[in-house]
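Breakdown of the fold
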Amino acid sequence: MAMAEREFPNFTLRTGAAREGSRFTALIVSHPADGSFPSYFAVYENRSFRDEDSAAAAAEKALGLVMGVEEDGAPVFAEGETGFDDDRKAEPAIDEADEAEAE
């Protein structure tokens, strides 16, 4: 899967995925413009993915949410941002009135 990348002052951020046992972790890799060694940042650390493509897609989504980069290359996100849609309150699929009509 191709990596996504975004440019920020003094850094280029690229997405990636790393295997950890039988699961994958979504990563953002921060490459300093001065050519020094990159830093790796796991995103959605409380999540793991069954396949590399899913982890890479999550990393790409996270990269789109990056607001800036700290001096050490760490990506900056909005306060409380997770990037996962399941954090939003789900709407009920069927309300009681619909359920009564179905019977």
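Residues numbered from 1 in each chain as written. Predicted model: local features only at pLDDT ≥ 70, side-chain atom pairs only at ≥ 80, totals over all residues. Heavy atoms only, no water.

**Section: the confidence of the model for the chain**
Close inspection of predicted coordinates is inappropriate in any region flagged by low pLDDT. With 77% of its residues at a pLDDT of at least 70, the chain reaches an overall mean of 83. Summarising per-element confidence for the chain, the mean pLDDT is lowest in helix 2 (residues 96–102) (50) and highest in strand 1 (residues 5–8) (96). When the criterion is pLDDT under 50, residues 87–96 qualifies, and its contacts beyond four places in sequence or with other chains add up to 3 contacts. (pLDDT = per-residue confidence, 0-100. Helix = DSSP H or I, 4+ residues; strand = E, 2+ residues; numbered from the N terminus. Contact = heavy atoms within 4.5 Å.)

**Regarding the pairing of strand 2 (residues 11–20)**
Pairing between strand 1 and strand 2: 4 bridges, direction antiparallel. Each bridged residue has a counterpart across the sheet, and for Glu7 the counterpart in strand 2 is Thr12. Between strand 1 and strand 2, which follow one another and run antiparallel, lie 2 residues, and Asn10 among them has a positive phi close to 75 degrees. With 10 bridges connecting them, strand 2 and strand 3 (residues 23–32) associate as antiparallel partners. Residue pairing across strands places Thr15 opposite Ile28, the latter belonging to strand 3. Taken together, strand 2 and the strand that follows it, strand 3, pair antiparallel across an intervening segment of 2 residues, in which Gly21 is found at a positive phi of about 70 degrees. (Pairing = 2+ DSSP bridges.)

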